[in-house]
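Structure assessment
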Amino acid sequence: MKFSVTAAPITQDKARLRVVGVFRKRKLTRAAETLDEVLDGALSGTLKAGESDGDAGSTLLIPAAAKGVPGTVLLGLGPRKEYDAKRARKACRTIAKLLTERPGDSAALAIAELVPSDQDLRWLVRTLVAALGDAAYRFDAYKGKEDVQPVRLQRVDLHVNEDQLEDARQACQQSEAIVAGSNHARDLGNTPPNDLYPEALAESALELAKQHRKLKVTVLDEKDLEELGANAILAVGRGSEHPPRLVALDYRGAGKGEAPIVLVGKGITFDTGGISLKPGDAMDEMKYDMCGAATVLGVIKAVAELKLPLNVVGVVTSAENMPDGRASRPGDIVKTLSGQTVEILNTDAEGRLVLCDALTWVERFKPKAVIDIATLTGACIVALGHQTSAVLGNDADLIDALKKAGTASHDRAWELPLWEEYQEQLKSNFADMANIGGRPAGTITAACFLARYAENYPWAHLDIAGVAWKSGKEKGATGRPVPLLMQYLLDQANAK
Ligand code: BES
Ligand code: MN
Ligand code: ZN
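Source: prediction; values computed, not measured. (Residues numbered from 1 in each chain as written. Chains lettered and ligands numbered in written order. Predicted model: local features only at pLDDT ≥ 70, side-chain atom pairs only at ≥ 80, totals over all residues. Heavy atoms only, no water.)

**A closer look at the sheet that holds strand 17 (residues 433-434)**
Sheets are built from strands paired through backbone hydrogen bonds, the pairs being either parallel or antiparallel. To keep it simple, the criterion reads: Whether two strands pair comes down to DSSP finding at least two bridges between them. The helix count covers DSSP runs of H or I at least four residues long, the strand count covers runs of E at least two residues long, and both are numbered beginning at the N terminus.
Taken together, the 3 strands give an open sheet; going across it, the order is 12-13-17, and neighbouring strands pair in mixed fashion. Each end of this open sheet is capped by a strand with a single partner; those strands are strand 12 (333-335) and strand 17. Pairing geometry for strand 12 and strand 13 (residues 341-343), over 3 bridges, is antiparallel. The residue bridging I333 from the neighbouring strand is E343, located in strand 13.

Right, dumping it as structure tokens:
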């Protein structure tokens, strides 16, 4: 889908559908009024006939009067006084659904007057482009042709006022990159686990590096990991035919001397639980246990496309967690890359094991901040459901910046405490720590484990177990939290 931003009047746009807003009690926006004049009162006439009142969430399609003339959609916005960000987001979703379900290949939207009272134009553009990107996403690479219903919409023109042009163009360009990054993450997440194993995930990082000159890629294979002493990552991958990988994508958009922001993604391409085998119900969804890694790759793609003036390193720590004669057992003790030892009491708490070695390894980048992203605990879903990521860490400013970015992008995160007292739950009789902390506060004790490997830099952890994918009829990866992290990075770039 291609977007363009223009200050030309919508009446001149020849797209298949022209979309204008109408407030409650049939109050046409100015754009709707000018279009109404050109159409000899067709819009106000249809409204008067009682077909719609401009209620929030309503749409009224007025077909083209003749071949080659565009049709019109009146997008209901509700009462003008109540038109806020919530309403605007809903209107964006409604119109995105309508436009992507119709046969037309192009659409023009008059958005100058759709900016809600509590937000600005950039927000509106971001929200609209994100909604269209989401509605147009399909994953049908594995389906037969007869089952595939392609989205026809190819071109979207956003009509704004002259003085909004610059802001709208920039926001649109940024949003398109974020949508592309999210979709990349979604594709990786949705790919079946027989095709997406650690080597394949590393391969997709190499592919990204080929497309962008400013990306440098490093892939550590199982031999490299052995030499390094990354025994925790190796322990998780031991039961699989597909050996683990540790990957770094180094993006340098700022000066050489500037410390990078490092993103570390959990890339368990399939989590059976290992010898501590999971119950069979919905186990297929454990192909999504690499969504943290997918997020990192999606973010790096978007950062490289936007040429952000930042240094960002994306790290993927990947293994397949399988039961096998060679697999790790409950009771095994491994010496992690940091030198600390871990008693693996449950092989299903494998995410923290692949992450801990990666968190030690990234010290070599002398990071300004490290953010890890992981589908880490079922307990996170119990605590925050499917709306909200959990954020924990050792640096209040970093956590606040992430929360703020989440709110702005509507990809929200909420903080859980990481108090010292919880560390007690990780005590082991035989090693420096156990890899599980019992039933209470599962998300917090998992973060406590990671904190022991992240002491040498500002660090935050995002538990995305509840938000990375949807189950049920709409099963599929969401691409979250690419929007949150991109907003954070854009904020960082703006603050320079
Ligand atoms: N990948 C899972 C967490 C998960 C489960 C995410 C379900 C989304 C949905 C993780 O590796 C795991 O199995 N965690 C265990 C930890 C426990 C053994 C301490 C869990 O949450 O049950
Ligand atoms: Mn697990
Ligand atoms: Zn897992």
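**Digging into the coordination of the manganese ion (ligand 2)**
We count it as follows: Each metal's donors comprise the N, O and S atoms found within 2.8 Å of it (within 3.2 Å for Na, K or Ca). Water is not part of the atom list, so some coordination spheres may appear incomplete. In this scheme the shape depends on donor count and angles: four donors with every angle between 85 and 135 degrees give tetrahedral, four or six donors with opposite pairs above 155 degrees and others between 65 and 115 give square planar or octahedral in turn, and any other case is irregular. Using a 1.4 Å probe on the protein chains alone, a residue whose accessible area is under 20% of its type maximum counts as buried, one over 50% counts as exposed, and one in between counts as partly exposed.
On the protein side, the manganese ion (ligand 2) has D271 (OD), D348 (O), D348 (OD) and E350 (OE) as donor atoms, found 2.1 to 2.2 Å from it. Classification of the site at the manganese ion (ligand 2) rests on its 6 donor atoms, whose angles at the metal span 70 to 167°, yielding the label irregular. Positions of the donor residues of the manganese ion (ligand 2) along the chain correspond to the pattern D-x76-D-x1-E. The metal-metal distance between the manganese ion (ligand 2) and the zinc ion (ligand 3) is 3.2 Å, with D271 serving as a donor to both. Of the residues examined, E350 reaches a relative accessible area of 1% and is grouped as buried.

**Examining helix 6 (residues 198-211)**
Our working rule: Each helix should span, by expectation, one fewer than its residue count multiplied by 1.5 Å. Any two residues whose heavy atoms approach within 4.5 Å are treated as being in contact.
With 14 residues, helix 6 should cover 20 Å at 1.5 Å per step; its first-to-last C-alpha distance of 21 Å lies within 8% of that length. Taken together, the buried positions of helix 6 are occupied by P198, A200, L201, A202, S204, A205, L208 and A209. Looking at the buried side of helix 6, the elements it contacts are helix 5 (165-190), strand 8 (215-220), strand 9 (245-252), strand 10 (261-271), helix 9 (291-306) and strand 11 (311-321).

**Looking at the side chain of H159**
Stated formally: Under this definition, polar contacts are N or O atom pairs within 3.5 Å; protein pairs additionally need one hydrogen-donor-capable and one acceptor-capable atom, and for neighbouring residues in sequence, both atoms have to be side-chain atoms.
Assignment of secondary structure puts H159 in strand 7 (residues 155-159). Within the structure, the side chain of H159 is placed 2.7 Å from the backbone oxygen of A8, a separation counted as a polar contact. Polar contacts involving the side chain of H159 include one to the side chain of D13, which spans 2.6 Å. Apart from the residues within four sequence positions on either side, H159 is in contact with T6, A8, P9, I10, D13, A108, L109, A110, I111 and A112.

**A few points about unusual backbone geometry**
In this structure, the amide linkage connecting R480 to the following residue, P481, adopts the cis form with an omega of 0°. Turning to its location among the elements, P481 is positioned in the loop between strand 20 (476-477) and helix 14 (482-494). The phi dihedral of D40 is positive, around 55°, even though this residue is not glycine. Its place among the elements puts D40 in the loop between helix 1 (30-38) and helix 2 (42-48).

**Details of the pattern of salt bridges**
Here is the rule: For this document, the term salt bridge refers to a Lys or Arg side-chain nitrogen within 4 Å of an Asp or Glu carboxyl oxygen.
Under the defined criterion, the tally for this structure stands at 25 salt bridges. Between D167 and R122 there is a salt bridge, and its shortest N-O distance comes to 3.5 Å. Taken together, the positions of D167 in helix 5 and R122 in helix 4 (residues 121-136) put the pair 45 residues apart, joining distant regions of the chain. According to the relative accessible area criterion, R122 is partly exposed, its value standing at 22%. For E305, the salt bridge is made with K301, and the minimal N-O distance between the two is 3.4 Å. Residue E305 and its partner K301 are located together in helix 9, separated by 4 residues, close to a single helical turn. For E305, a relative accessible area of 34% gives the class partly exposed. What makes K301 buried here is its relative accessible area of 15%.

**Re the site of ligand 1**
Selection criterion: Proximity criterion: a residue is near a molecule or strand once any of its heavy atoms comes within 4 Å of it. Under this grouping Gly is polar, as are all residues other than the nonpolar Ala, Val, Leu, Ile, Met, Phe, Trp, Tyr, Cys and Pro and the charged Asp, Glu, Lys and Arg.
Residues in contact with ligand 1 amount to 17 residues; listed here are only the nearest, K278, D289, D348, E350 and G378. One nitrogen or oxygen atom from the side chain of D289 is found 2.9 Å from a nitrogen atom belonging to ligand 1. Residue assignment for the shell around ligand 1 shows that the elements contributing at least two residues are strand 10 and helix 11 (378-384). In terms of residue class, the shell around ligand 1 is built from 6 nonpolar, 4 polar and 7 charged.

**Notes on the coordination of the zinc ion (ligand 3)**
Think of it this way: four donors in a tetrahedron around the metal ideally sit 109.5 degrees apart, and six in an octahedron ideally sit 90 or 180 degrees apart. Distances from the zinc ion (ligand 3) to its protein donors, namely K266 (NZ), D271 (OD), D289 (OD) and E350 (OE), fall within the range 2.0 to 2.4 Å. Here the zinc ion (ligand 3) is ringed by 6 donor atoms whose angles at the metal span 79 to 176°, and the overall shape comes out octahedral. Counting along the primary sequence, the residues that act as donors to the zinc ion (ligand 3) give the motif K-x4-D-x17-D-x60-E. You can call K266 buried: its relative accessible area is 2%. Judged by its relative accessible area of 3%, D271 falls in the buried class.

**With respect to the environment of E350**
Mapped onto the elements of the fold, E350 is located in the loop between strand 13 and helix 10 (351-361). Residues E350 and A235, 115 residues apart in the sequence, show an inter-C-alpha distance of 8.9 Å. The residues touching E350, leaving out its near neighbours within four places in the chain, are V236, K266, I268, D271, D289 and N321. At 3.1 Å, the side chain of E350 forms a polar contact with the side chain of K266.

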